[in-house]
Amino acid sequence: MRISLNWLGDFLDIDISPGEIARRLTLAGIEAYAEAFGIMACEVVEVGDHPHADKLKVCRVFDGTGYRQVVCGAPNTRKGMKTALVTPGAILPGGIEVKTAKVRGVVSEGMLCSEKELGLSDEHSGIIEFDASFVPGGSVHRSLKDYADVVIELDLTPNRPDCLSHLGAARELGAILGRHIKPVSTGLDKVLDGAPVSGLAEIEVKAPDKCPRYCARIIEGVKIGECPGWVRARLEAAGIRSINNVVDATNYVLLELGQPLHAFDLDRLAGAKIIVRPADPGESFTTLDGITRKLSRDDLVIADADRPVALAGIMGGLDSEVTKETTRILLESAWFEPRSIRRTSKRYDLNTESSRRFSAGVDPEGIDRAADRCAALISDWAGGRVARGRIDVYPKPFKPIETDLRMDRLARILGKDIEAGEAAAVLEGLDFSVTESDTNTLHVRIPGFRPDVEREIDLIEEVARLYGYNKIPATRPVGYLKHPEIAKELIFERKTRQALVAAGASQAYNYAFVAPDFPERLQAPADHPVADLVQAANPIKVEFSALRTTLLPGLLYNVQTNVNQRAESVFLFEIGTVFKNTPRNDENLPVERRVVGGVLWGSAREEKWFGRSRDMDFYDAKGAVETILGGLKVDLGIVTWKKANQPWLNPHAAASLMMDHSVAGWVGEILPSVCSEFDVPWPVFAFELDIGIIGLAGKETIEYKSLPKFPSIRRDVALIVDEDLDAASIIEAAEGSGAGFVAHLDVFDVYKGETIPPGKKSIAIKIVYRSNEGSLESSRIDEENKVLVQALRDKLNAEIRDS
Amino acid sequence: MQDFSRLDDLVQQALGIIEKAGSENELKELKVTYLGKKGKVTSYFKALGSAPAQERKALGQQVNRARQAIENALAVREEAIKLDALDQKLEARKVDVTLPGRPFGRGTVHILDQVMDRILDLFSGLGFDVVLGPEVETSWNNFDALNFPPDHPARDMQDTVFIEDEIVLRTHTSPVQVRTMKSRKPPLRVVCPGVVYRRDTPDATHAPAFFQVEGLMVGEHVSFAELKGTLNLFARKLFGEGDTRFRPSFFPFTEPSAEMDVRCFACGGEGCALCKQSGWIEILGCGMVDPAVFDAVGYDNEKYTGWAFGMGVERIAMLRHAIDDIRLFAENDLRFLKQFV
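Residues numbered from 1 in each chain as written. Chains lettered and ligands numbered in written order. Predicted model: local features only at pLDDT ≥ 70, side-chain atom pairs only at ≥ 80, totals over all residues. Heavy atoms only, no water.

**A closer look at empty space enclosed by the protein**
- This structure, assessed with the given rule, holds seven cavities of 30 Å³ or more.
- In this structure, the largest cavity spans a volume of roughly 190 Å³.
- Asp162(A), Leu257(A), Gly258(A), Asp363(A) and Phe449(A) are, among the 17 residues lining the largest cavity, the residues nearest its centre.
- A total of three residues in the lining of the largest cavity trace back to one element, the largest contributor, which is helix H3 (residues 166-177) of chain A.
- A breakdown of the residues in the lining of the largest cavity according to their chemical character gives six nonpolar, six polar and five charged.
- Lining the second largest cavity we find 14 residues, and of these Gly29(A), Asn159(A), Arg160(A), Arg465(A) and Ser249(B) sit closest to its centre.
- Contributions of two or more residues to the lining of the second largest cavity are made by helix H11 (456-467) of chain A together with strand E7 (244-251) of chain B. (1 Å grid on protein atoms, 1.4 Å probe; cavity = no way out; pocket = protein on both sides within 12 Å on 5 of 7 lines; lining within 4 Å. Points joined across faces, edges and corners; volume = space filled by probe spheres on them. Helix = DSSP H or I, 4+ residues; strand = E, 2+ residues; numbered from the N terminus. Nonpolar A, V, L, I, M, F, W, Y, C, P; charged D, E, K, R; others polar.)

**What to know about the pattern of salt bridges**
- In total, this model carries 77 salt bridges over all chains according to the counting rule given.
- The partner of Arg548(A) in a salt bridge is Glu574(A), and the shortest N-O contact between them spans 3.0 Å. Pair noted here: Arg548(A) is in the loop between strand E27 (546-547) and helix H14 (552-564) and Glu574(A) is in strand E28 (residues 569-580), with a separation of 26 residues, a long-range link.
- Among the salt bridges present, the one from Arg247(B) reaches Asp261(B), with a minimum N-O distance of 2.8 Å. Taken together, the residues span a long stretch of sequence, with Arg247(B) in strand E7 and Asp261(B) in strand E8 (residues 254-263) at a distance of 14 residues.
- Given a relative accessible area of 5%, Arg247(B) falls into the buried group. (Salt bridge = Lys/Arg side-chain N within 4 Å of Asp/Glu carboxyl O. Buried < 20%, exposed > 50% of the residue type's maximum accessible area, 1.4 Å probe, protein only.)

**As for the interface of chain A and chain B**
- In this complex, chain A contributes 88 residues to the contact, which on the side of chain B involves 97 residues.
- Of the roughly 7,700 Å² buried between chain A and chain B, counting both surfaces, carbon and sulfur atoms make up 56%.
- Of all residues in chain A, the largest losses of buried area upon contact with chain B belong to Tyr469(A), Tyr509(A) and Tyr511(A), amounting jointly to 10% of the total for that side.
- Where chain A touches chain B, the interface holds 12 salt bridges. (Contact = heavy atoms within 4.5 Å. Buried area = accessible area lost by both parts, 1.4 Å probe.)

**Thoughts on the environment of His124(A)**
Residue and element names in this part refer to chain A.
- With respect to the element layout, His 124 can be found in the loop between strand E8 (111-113) and strand E9 (148-155).
- Residue His 124 is classed as partly exposed on the basis of its relative accessible area of 47%.
- The sequence separation of His 124 and Ala 74 amounts to 50 residues, and the corresponding C-alpha distance is 9.5 Å.
- Among residues more than four places away in sequence, those in contact with His 124 are Ser 114, Lys 116 and Glu 117.
- Side-chain polar atoms of His 124 contact the side chain of Ser 114, separated by 3.0 Å. (Polar contact = N/O pair within 3.5 Å; in protein donor to acceptor, adjacent residues only side chain to side chain.)

**Some thoughts on unusual backbone geometry**
- Omega for the bond connecting Thr582(A) with Pro583(A) falls within 30 degrees of zero, at -10°, which places this linkage in the cis form.
- As for its position among the elements, Pro583(A) is in the loop between E28 and strand E29 (591-602).
- With omega at 0°, the peptide bond leading from Pro186(B) into Pro187(B) counts as cis.
- Examined against the element boundaries, Pro187(B) turns out to sit in the loop between helix H7 (174-183) and strand E5 (188-197).
- At Arg104(A), a residue that is not glycine, the phi angle is positive and equals roughly 50°.
- If you trace the backbone, Arg104(A) turns up in the loop between strand E6 (101-103) and strand E7 (106-108).
- Phi angles above zero are rare outside glycine, and Asn332(B) is one such case at about 60°.

**Remarks on the pairing of strand E12 (residues 261-265) of chain A**
Residue and element names in this part refer to chain A.
- In terms of residue burial, E12 counts as a mostly covered element, since five of its five residues are buried.
- A two-sided burial pattern is seen for E12, the buried positions comprising Leu 261, Ala 263 and Asp 265 on one face and His 262 and Phe 264 on the other.
- In this structure, E12 lies alongside strand E19 (residues 328-335), joined through five bridges in antiparallel fashion. Bridging from a neighbouring strand, Asp 265 pairs with Ile 329 of E19. (Pairing = 2+ DSSP bridges.)

**Some thoughts on the domain arrangement of chain B**
- Each assigned domain of chain B is listed with its residue range as follows: domain 1 (4-92) and domain 2 (111-340).
- A C-alpha centroid distance of 89 Å is found between domain 1 of chain B and domain 2 of chain B. (Domains from an automatic or database assignment.)

**Considerations on the layout of surface pockets**
All names here are of chain A.
- The calculated volume of the second largest pocket comes to roughly 1,800 Å³.
- Lining the second largest pocket are 36 residues, and of these Tyr 619, Lys 622, Asp 726, Ala 727 and Ala 728 lie nearest its centre.
- At the level of elements, helix H15 (618-631), strand E30 (639-643), strand E31 (649-659), helix H18 (727-735), strand E35 (742-751) and strand E36 (760-769) are the ones that each hand at least two residues to the lining of the second largest pocket.
- Looking at the lining of the second largest pocket, the element that brings in the most residues is E35, giving seven residues.
- Considering only residue class, the lining of the second largest pocket consists of 18 nonpolar, five polar and 13 charged.

Next comes the structure, spelled out in structure tokens:
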């Protein structure tokens, strides 16, 4: 809401600066900014060269409220001069609106003017030079005095529709400054000379639930034309362009009192009749913006005897608007039910000054006053006679809310005692009536313009915010000591993150939004779990219309981003939620799981002065997974790896992580076709694990095993076996060989090459022998090793290489 | 028969040769040559027996001195040769101290997690539990229970992504507070971290998903003064010992509601681009829990009072680290991520 400081002066004597007004409003909960507006004197405090134009100057000027940058080409521009400034949003006498613009690449927040540009004379040789008596922010000429103004821009929260008017803003500021506002005078008594209103028109309200009050005045014999200049200046300051004297009068009252009004051309209302009714099913209507809309039964319309003439509280119709020929006005001032206006306004995405106020709630006690005020202004600006009396359909008069405020309750909520008298004064300053008061309880009547205040807690807030939040002390809670409970998922995630970062991975965060075609792009069939998408009903765009079922797509995009930036190596992980649409839980919500995913591409280490490192491969990805298991204290003995079959993975380089026969995750090499679909170079390796499953399998505490008392002896065995025989089978065969004293087994070399026959590979294992009873003789170990070697030979059809 | 008068010459000659010896082996050979069984000095010892008895003692002392001198010279030379060898060995391992060290390849925790951890640690240090909840929520938990009536303008404050009629992507982590209150009895001290969603097109200051931390304290004597005291403790730890202020604001689920500002840490309050000339920077929203929320979760709103706060983690991270575009957090460019080691 834009508040004109000149206009505010109609209601309140103000002796503080605009900046101070903004600060005081902000500290009372009405965020406000002050800025000079219109046509005013200013002082040029700095003049600099324009970087791209020799004849232009970049000036810093003081406008009375603040400093701004203006680009000017006048030859007489110089530092220290006083001249005329027109701010963006203001309209020059010739009808041109000044805008914030870039002049040859430099921002100019307004323009400095010659006398000709201001319509003061034909003088155009340079910008006006004022003498020292002119004050920055002040008027430049008698004829333009109403145009020197300051706008206080209010950034309102939705609970304060009362401040969507100059009266409301004045009331709020008055309460803050501790002074009362001047009473509103409608000025109607001076012009009330027309015929009696009854018989001139008829009003019928068929939907009193949605329109509890419909009030009208009639003005006859108007002449459509322009409104006075000072009115235009105020409307411009508030951000509304002048249309004609009648429409301007309705807008003026909307901005002054907060009540939206509509002026109908009475001669264009069929049957001189207004009917307030729900729209008929299938009925259509063309609003003032020229758009024809098909209406819903839920919409409220204002109709004449034949057809709708307005979408109630939102916008009028083309057929009944005021034109140059209009002479008779029916002026509507009504109260529409806020939720109904809001629904209709949202349905057609039609937000107007009127709908904004009705949907937040206008003052039900101000309807007739607004009608009177507007009728008087029309009569003043457009001539004509105001018919005597109002037509007022108001079957169930508004009953203000009354509520008690207990001072001990207030003290308990705020942690600060405030005297009943002080609280009463605050509320009365806001035009609440405190009708009864004892030392502990105030009985308060809440005025109609404050729909946000209903309950005791609302009154406590009113008292607190005007008393000043910063006068309430800051104390510290006192309570029993206790250890915080940290969600166990979060602990698992922190451990996972720590393990991966230590291993060299960097953490990524992607939005959970994905395009719904990503399962296809991962080559997953429609019945694959990753294709069971949760979809948004109202997405911003198609790329954000589904929720991810795996972290993989986001991480593949991240590889692309980094490859495009010439990264030599990408090792990223993400911890996040994945979603699955079915089955729903008992709250009908989709299944959510926390998972960790990773991607690896490129060299294992960045190229440095000591040489380039090898490229990452499947075993780096698997190593990352094992690092996570270690970080979560999962015993690798309870984990098994199986060849996996994920649609996006190379079937020859893919594994499932099995825990207790259930799949806890996968790791593998992404298919070349999937890589090219995501525009990343092949090969990329990736993994994804369910953190919940793994975290719960981790040990809380680890029990110490006593250190071996006797030395161990190592023997190495190299075997030549079929290429497809996996390492786990060899270890398993060695473990079950029957050889004694085997303490530990491990593969330490795998080799395929010239010296090995095709279809075979060489695999070397080391065996550590140890006894807990005493030192072992080398000869004894040789015997046990023979047993083991023989078993490998027999079970695996292995050839033993010389060792 | 040895000529004892030549012994001194022999010693002088030996010392000269030893001085020039280049290796430990050479020294060993010289030792044999002079002091070995058949060595040149040894032969004088052997000759002592045939020397006149009255000269024998003096000659004996002379030969002993000769041996001592040679032994000393050998030892000194040996030490020198060893030191030379060590010097050479060390010099061969000379490095360029300005070349970078070989990295162990540590990765980085995302800056948002770093900031989030800091916030959570500050509150858990004050005894706040950390609780989590689902990201896809019922609109009852996300709106109705939090005193956002249907068709109320407050719902427009948070443009919402709907999944179905009554199912939304949570627009704040407040539904986690609702769930916590429904399952636990006061007193309560909790913080709820997590991702929240808005129907916003990404630009420099808007993201369709971002992180929030909200906190809640409920008890029989919980007041606005304590809200101020607790949040002051927090803000001073996070942003340094500066002034704070509380401004009235509006949230449907708190009343009285406030926004908390800290003194602008870029300009110290003078007014700059960061604080939009106001000297203050808004860091969070807060307030006393609205009694309607207690009604919705079944708490006695006469008996219990509570306060709550909420903040955007991206906003805090942007302020603390002078990051000017919120989209950087989700781009995952390693050149960005790795700056926050």
